[in-house]
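A look at the structure
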Amino acid sequence: MQQTTYTTWGTHDSHCQLKLVDFKANENHISHETQGLSNQHLVVRRGKPFKVTLLFRNRSLNPRTERLVLEVSLGHLFESFPVQFSDERFDPQSWSAKIYPGDIHPQSVTIHICSPVLSAVALYNLVVHIETIQNRRSYAVGSFVLLCNPWLKDDPVYMPLDAQIEEYVKSDYGVVFMGTHLNVRKRPWSFGQYEPGVLEACLTLLQVSPQHLRNKDNDFSLRADPVYLSRVICAMVNCNDDLGILEGKWQGSYRDGFEPTEWSGSADILHQWVSSNYSPVRYGQCWVFASVLCTVMRVLGIPSRVVTVFNAAHDGDGNLNIEECYSSTGEKLNFNNKDSIWNFHVWVECWMRRPDLGAGFDGWQVVDPTPQETSGGIFCCGPCPVAAIQQHCLRAPYDTSFVYASVDANVVRMIVRNGLVVERKVDTECVGKLIYTKSIGSDSPENLTQTYKNKKTEVTCADSPLQSTVLVNGKVRYTGYTTPLSRHVVGDARGMSPGLEVSLRIDGVLLVGESIVMCVTVKNQSSSPRVLMEHLNAQLKEYNSHPQDSFWKTHNKVHMKPGEVLLLHHTILPSEYESVLAADDIVNMAVVIKDVRTEERALAMQEFNLRSLNITIEIKGGDRIQIKREHKAQVSFINKLSKTLNGVVLTVEGSGLLQGKQEARMISLQPEEKIEKMVSIMATSPGTKLLMATLSHSHSANMVSKSFHKVSVITA
């Protein structure tokens with residue numbers, strides 16, 4: 001029951017007087033699939049009728065002498081419409097209200113209100129007018145929230161399958177894939193759209209956007225369009241141009257905020273942003289930006305999913321080539337800071353029609369809130385149709401050329417000696433090696449790579465003004481865009497040296513505390529014997545940065561017969577990397593083979609991460625727990641390494657489940673010995689929560705293991 005405030009015009013007489021309004025919140029929320037989104041407001045979806053019951057002081061409405069007129073308003077914009085006595089279908093193009101036969105009672109009447117399919121997403125005010133020939137009495141009865149409706153065919157965000165809507169709108173749990181394509185890591189995320197205050201934070205986000213502050217009426221008018229909404233929200237998730245949610249940071253100290261890896265859900269971030277009067281939350285990186293954006297879009301009713309691109313290119317100069325330089329001994333050099341390859345990059349796909357482009361570009365759209373480059377003068381990216389990337393239609397708005405480069409640029413690798421390029425090779429397969437999202441109803445990955453990449457055949461944008469592309473070496477070069485994307489193919493794409501071929505393979509399980517085993521394969525394709533120098537070099541790097549100094553290197557002389565194939569095995573012991581390698585670090589491993597006589601050179605490289613040690617989390621009685629009831633969780637770690645760990649600390653925390661952090665400590669942990677901690681958890685709100693456990697030890701202070709466990713909180 002929502003109490004109301006009344007403003008009345010006209011004389012007080014025997015006419016019908018409104019006492020209060022029942023917004024039928026529970027019934028409407030079930031009907032509109034909005035249960036749990038807010039306990040402050042009625043939340044309904046556009047284009048679908050919802051009920052309100054008017055309760056009167058003295059008597060019910062007299063249809064012969066009195067009529068009801070409803071007024072909905074957004075700022076200065078408003079629309080009035082009469083309440084009709086009818087059982088006809090609603091008009092999907094305009095506001096309407098009906099009273100069905102049987103809905104008039106002695107002291108109440110139930111009204112069915114329906115918004116247009118293309119209504120703005122916003123918090124609306126509702127006024128009820130009771131009119132007679134002589135006067136009008138008006139009551140400001142409250143407010144309601146209107147969201148997109150993916151269940152409705154006429155809504156631009158319509159999604160045909162219920163299983164898809166369940167995953168991409170209603171689910172408050174996701175998985176972010178990280179690491180490298182050789183060793184993919186899963187990181188759970190709590191989107192938190194059912195946490196108290198999250199929906200209100202998402203609406204506030206729209207209200208403090210530059211577009212709204214600049215022209216409220218124009219912003220409200222445009223908010224019916226999911227394309228517009230996605231651009232506004234994308235820019236507001238970062239704080240580079242506005243009062244946005246998150247500040248990004250990729251290096252240096254995080255002491256004045258939170259390290260991005262410490263976040264495990266969106267609700268804490270949104271709550272902190274609101275409570276700080278819209279000061280940016282410190283700090284985020286790509287998966288944090290993307291996960292918060294996914295939360296906001298799902299709250300507003302736009303189907304969304306978090307997507308990871310492994311080996312994502314940042315093509316700063318727009319030429320579709322990413323240049324990488326190596327020394328003659330295999331050390332990766334930091335020559336070009338404009339271009340880079342991120343081992344993984346995370347963005348969001350949002351589902352919507354694109355009437356501005358045509359039906360061929362409907363469906364999933366890339367929206368990337370990580371502030372990399374500006375789009376239309378602001379730091380946002382998209383919505384970019386995935387179909388446009390696959391079909392090489394680089395003029396399709398928005399930012400298609402930049403997104404295309406992220407998944408399909410060439411990598412030009414060069415060996416540099418004394419400032420001169422002595423060999424070069426074009427790698428057309430490295431970028432966009434793997435593109436993953438969470439599968440429907442499962443934590444396993446769904447491979448999206450082929451939805452982005454279509455290299456084998458030429459695809460044109462038929463009958464479209466976007467058509468202006470040609471293929472070069474199986475890839476696209478656009479002719480006539482404001483950013484030139486001409487392809488400069490350098491060197492021999494088949495390899496650096498036609499007579500010398502080298503490859504690098506990482507063997508075994510890539511696990512912290514275990515040896516790193518690799519195999520270099522060298523093929524002498526000439527008819528002459530060779531004397532070769534093999535140089536191997538290992539460097540640390542973060543997923544989005546250039547490598548640091550080498551932490552391991554070796555070189556060997558190799559003799560080869562004509563046509564011979566050699567397998568050269570190498571091992572890096574744990575003692576050789578533990579003092580420098582942190583849990584989320586990535587290793588750049590490169591080998592350069594040089595012919596001593598001809599000075600021919602060949603290069604091969606791999607980048608990989610190590611899997612951290614496993615921590616077990618078990619909820620007593622199962623992973624579904626009741627709200628406001630105490631439950632026990634057992635957290636344990638068994639030392640599977642062959643050595644003793646000293647100064648071991650096991651830490652457990654969980655937003656919405658635990659107050660603060662709880663720890664267990666051991667001076668030493670022998671091989672196969674266990675450290676454990678029993679904690680009591682209690683949830684104060686429904687939805688999906690995450691327990692997080694971390695393990696550190698003094699033997700290698702940087703090597704912190706993290707494990708997450710999903711907990712589903714039910715009301716009863």
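Calculation rules
- Residues numbered from 1 in each chain as written.
- Predicted model: local features only at pLDDT ≥ 70, side-chain atom pairs only at ≥ 80, totals over all residues.
- Heavy atoms only, no water.
- Helix = DSSP H or I, 4+ residues; strand = E, 2+ residues; numbered from the N terminus.
- Buried < 20%, exposed > 50% of the residue type's maximum accessible area, 1.4 Å probe, protein only.
- Contact = heavy atoms within 4.5 Å.
- Areas by Shrake-Rupley, 256 points an atom, 1.4 Å probe, with all protein chains shown as cover.
- Lys, Arg positive; Asp, Glu negative; His and termini not counted.
- Charge placed at Lys NZ, Arg CZ, Asp CG, Glu CD.
- Pairing = 2+ DSSP bridges.
- Axes fitted to C-alpha atoms, helices over the stretch in contact; angles between N-to-C directions.
- Parallel < 35°, antiparallel > 145°, perpendicular 65-115°, else oblique.
- Nonpolar A, V, L, I, M, F, W, Y, C, P; charged D, E, K, R; others polar.
- Salt bridge = Lys/Arg side-chain N within 4 Å of Asp/Glu carboxyl O.
- Core = buried A, V, L, I, M, F, W, Y, C linked by side-chain atoms within 4.5 Å.
- Phe/Tyr/Trp six-rings, centres within 6.5 Å; stacked < 30°, edge-to-face > 60°.
- Lys NZ or Arg CZ within 6 Å of the ring centre and 35° of its normal.
- Polar contact = N/O pair within 3.5 Å; in protein donor to acceptor, adjacent residues only side chain to side chain.

With respect to the overall build of the protein chain
Helices and strands together make up the secondary structure of the protein chain, namely eleven helices and 41 strands. Expressed along its principal axes, the backbone C-alpha trace of the protein chain runs to roughly 110 × 65 × 40 Å. Taken across its 716 residues, the protein chain has 57% of its residues classed as buried. In the protein chain, the proportion of contacts linking residues at least 24 apart, taken out of those at least 6 apart, comes to 67%. Here the protein chain displays about 29600 Å² of accessible surface, and carbon together with sulfur accounts for 49% of that area. Looking at the protein chain, you have 71 positive and 74 negative side-chain charges, and the mean spots of the two groups are 2 Å apart.

A few points about the sheet that holds strand 32 (residues 586-595)
Pairing is antiparallel in the open sheet, where four strands are placed in the order 30-29-32-33. In the strand order of this sheet, the two ends are held by strand 30 (550-560) and strand 33 (601-609), each with one partner. On average, adjacent strands in this sheet sit at an angle of 15° to one another, irrespective of strand direction. One ladder, built from ten bridges, connects strand 29 (residues 530-541) with strand 30; its direction is antiparallel. Across the sheet, Leu 536 pairs through a bridge with Thr 554, a residue of strand 30.

Re the packing of helix 7 (residues 266-275) against helix 8 (residues 286-299)
Close contact between helix 7 and helix 8 brings their axes to 10 Å; oriented N to C, the two are set at 85°. Comparing the axis directions of helix 7 and helix 8 gives the class roughly perpendicular. Contacts between helix 7 and helix 8 involve Ser 266, Ile 269 and Leu 270 on the former and, on the latter, Val 288, Ser 291, Val 292 and Thr 295. Split by residue class, the contact of helix 7 with helix 8 holds four nonpolar, three polar and no charged.

So, the pattern of salt bridges
All told, the structure shown has 30 salt bridges when counted by the stated rule. For Glu 247, the salt bridge identified is with Arg 282, shortest N-O distance 3.1 Å. Here Glu 247, found in strand 13 (residues 246-248), pairs with Arg 282, found in strand 14 (residues 281-284); they are 35 residues apart in sequence, far enough to count as distant. For Arg 282, a relative accessible area of 33% gives the class partly exposed. A salt bridge links Arg 530 to Asp 595; the nearest nitrogen and oxygen atoms lie 2.5 Å apart. You can see Arg 530 sitting in strand 29 and its partner Asp 595 sitting in strand 32, a full 65 residues away along the chain. Judged on exposure class, the residue Arg 530 and its partner Asp 595 are both buried. Beyond isolated ion pairs, a larger network of salt bridges with shared partners links Glu 324, Lys 332, Arg 413, Asp 427, Lys 541 and Glu 607.

Concerning the nonpolar core
Core analysis: the largest hydrophobic core is formed by 68 residues, its most contacted members being Ile 233, Leu 246, Ile 269, Trp 287 and Leu 300. It is helix 8 that contributes the most residues to this core, eleven residues altogether. If near-sequence neighbours (up to four positions away) are discounted, Leu 300 is found in contact with Val 121, Leu 147, Cys 148, Cys 202, Leu 203, Leu 206 and Ile 233. Of all hydrophobic cores here, the second largest spans 34 residues; its members include Leu 68, Ile 99, Ile 111 and Val 141.

What to know about the packing of aromatic side chains
Evaluation of the coordinates by the stated rule reveals 18 aromatic pairs. Judged by centre distance (6.0 Å) and plane angle (65°), the ring pair of Trp 287 and Tyr 543 falls under edge-to-face. Taken together, the residues span a long stretch of sequence, with Trp 287 in helix 8 and Tyr 543 in the loop between strand 29 and strand 30 at a distance of 256 residues. Accessibility expressed as a relative area gives 7% for Tyr 543, which makes it buried. Three or more aromatic residues joined by ring pairs form one cluster here, namely Phe 50, Phe 81, Trp 95, Tyr 124 and Phe 144. The ring of Tyr 398 carries the charged tip of Arg 231 above its face, separated from the ring centre by 4.1 Å.

Description of the pairing of strand 16 (residues 321-327)
Within strand 16, six of the seven residues are buried, which leaves it mostly tucked inside the rest of the structure. Pairing geometry for strand 16 and strand 21 (residues 410-417), over seven bridges, is parallel. By the bridge assignment, Ile 322 is partnered in strand 21 with Val 411.

Details of the side chain of Ser 304
With respect to the element layout, Ser 304 can be found in strand 15 (residues 304-314). Within the local environment of Ser 304, its side chain forms a polar contact with the backbone oxygen of Ile 302, the two atoms lying 2.9 Å apart. The contacts of Ser 304, once residues within four sequence positions are left out, are Tyr 168, Cys 294, Met 297, Arg 298, Val 348, Glu 349, Cys 350 and Trp 364.

Section: helix 10 (residues 400-408)
Burial of helix 10 is extensive: nine of the nine residues sit out of reach of the surface. Among all positions of helix 10, only Thr 400, Ser 401, Phe 402, Val 403, Tyr 404, Ala 405, Ser 406, Val 407 and Asp 408 are buried.

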